[in-house]
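# What the coordinates show
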Amino acid sequence: MARRFRGARIVVASHNAGKVAEIAELLAPCEIEIGSAGALGLAEPEETGTTFRENAALKALACAGAAGEVALSDDSGLAVAALGGAPGIHSARWGGPGRDFALAMRRVEEALAPDADRRAAFVCALALAWPDRHVEIFEGRIDGHLVWPPRGERGFGYDPIFVPRGGSLTFGEMEPATKHAISHRAAAFRDLAAACLARGPRPAG
């Protein structure tokens, strides 16, 4: 059985403001206070894992250990069928040292042949870690296809080139609430919330 979180605050193990904001919105109904590794000035660990799950776990554990608080980490990325699943766990690195996602999106487009299969998926692993190094991990996925040129100013990362299956708008064009209802991150979060987030009054202290 998964360990339940019964505290009042979770630190998001990220320096990405867009990701922190999106996770904060998902956690809002749970009435949990949110901190972030960036706001605390914590160093970002090297992502040495070979899967989304491994990288999510190592980031959450590093943050929980440094902050002395329960930490929630997200490792997510874009997997393109015609590129053998790339950029995958290296999605941010495709944007170079500055994590420029305009560059990353352009690199994906340039890597695709004109008649290439444009199917793609967003994958997300969420890890909830405690300072005693216990960790719970949940994964979500949404399939879709890529478009070019990018469309929309909302979201972050590869959102402006990804259209979810059955839809016509990119994640970059969608209202945040619409995206949050169907995204890979939302799918992982639903499982995490059901397994780990306590319901009802929290104990004092």
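These notes cover the structure that comes with them. (Residues numbered from 1 in each chain as written. Predicted model: local features only at pLDDT ≥ 70, side-chain atom pairs only at ≥ 80, totals over all residues. Heavy atoms only, no water.)

Turning our attention to the layout of surface pockets. By volume, the largest pocket is sized at about 710 Å³. For the largest pocket, the lining is made up of 37 residues, of which K19, E47, K59, A92 and R99 are closest to its centre. For the lining of the largest pocket, the secondary-structure elements that each account for two or more residues are α3 (52-67), β3 (71-80) and α6 (184-196). With 5 residues, the top contributor of residues to the lining of the largest pocket is β3. For the lining of the largest pocket, the class distribution of residues is 16 nonpolar, 10 polar and 11 charged. (1 Å grid on protein atoms, 1.4 Å probe; cavity = no way out; pocket = protein on both sides within 12 Å on 5 of 7 lines; lining within 4 Å. Points joined across faces, edges and corners; volume = space filled by probe spheres on them. Helix = DSSP H or I, 4+ residues; strand = E, 2+ residues; numbered from the N terminus. Nonpolar A, V, L, I, M, F, W, Y, C, P; charged D, E, K, R; others polar.)

All right, on to α3 then. The terminal C-alpha atoms of α3 lie 22 Å apart, and with 16 residues this matches the ideal 22 Å at 1.5 Å per residue to within 8%. Along α3, the residues that are buried comprise F52, N55, A56, A57, K59, A60, L61, C63 and A64. Against the buried residues of α3 lie β1 (9-12), α2 (37-40), β3, β4 (119-129) and β5 (135-146). The first or second residue beyond α3 is G68, which carries a positive phi of 70 degrees. (Expected span 1.5 Å × (residues − 1). Buried < 20%, exposed > 50% of the residue type's maximum accessible area, 1.4 Å probe, protein only. Contact = heavy atoms within 4.5 Å.)

For the structure on display, the rule yields 4 aromatic pairs. Taken together, a centroid distance of 5.3 Å and an interplanar angle of 80 degrees make the contact between F101 and Y158 edge-to-face. With F101 in helix α4 (residues 101-111) and Y158 in the loop between β5 and β6 (162-164), the pair connects residues that are 57 residues apart, well separated along the chain. Judged by relative accessible area, which is 3%, Y158 ranks as buried. Plain terms: the ring middles of F122 and F162 are 4.6 Å apart, the flat faces sit at 55 degrees to each other, and that makes the pair tilted. Residue F122 is found in strand β4, and its partner F162 is found in strand β6; the two are separated by 40 residues along the sequence. For the pair shown, F122 and F162 are each scored as buried. Ring pairing ties together the aromatic residues F122, F162 and F171, which thus form one cluster. In this structure, R3 packs its charged tip against the face of W130, placed 5.0 Å from the ring centre. The aromatic ring of W94 is capped on one face by R107, whose charged end is 4.7 Å from the ring centroid. (Phe/Tyr/Trp six-rings, centres within 6.5 Å; stacked < 30°, edge-to-face > 60°. Lys NZ or Arg CZ within 6 Å of the ring centre and 35° of its normal.)

Right, let's get into the nonpolar core. Counting residues in each nonpolar core, the largest one holds 24 residues, and the members touching the most others are F5, I10, L72, L128, F189, L192 and L197. Secondary-structure elements contributing two or more residues to this core are β1, α1 (17-27), β4 and α6. Among the elements that take part in this core, α6 stands out by supplying 6 residues, more than any other. Those residues in contact with L72 that lie beyond four places of it in its chain are I10, V11, V12, A13, I23, L27, L126, A127, L128 and L192. (Core = buried A, V, L, I, M, F, W, Y, C linked by side-chain atoms within 4.5 Å.)

Structural measurements only, silent on function.
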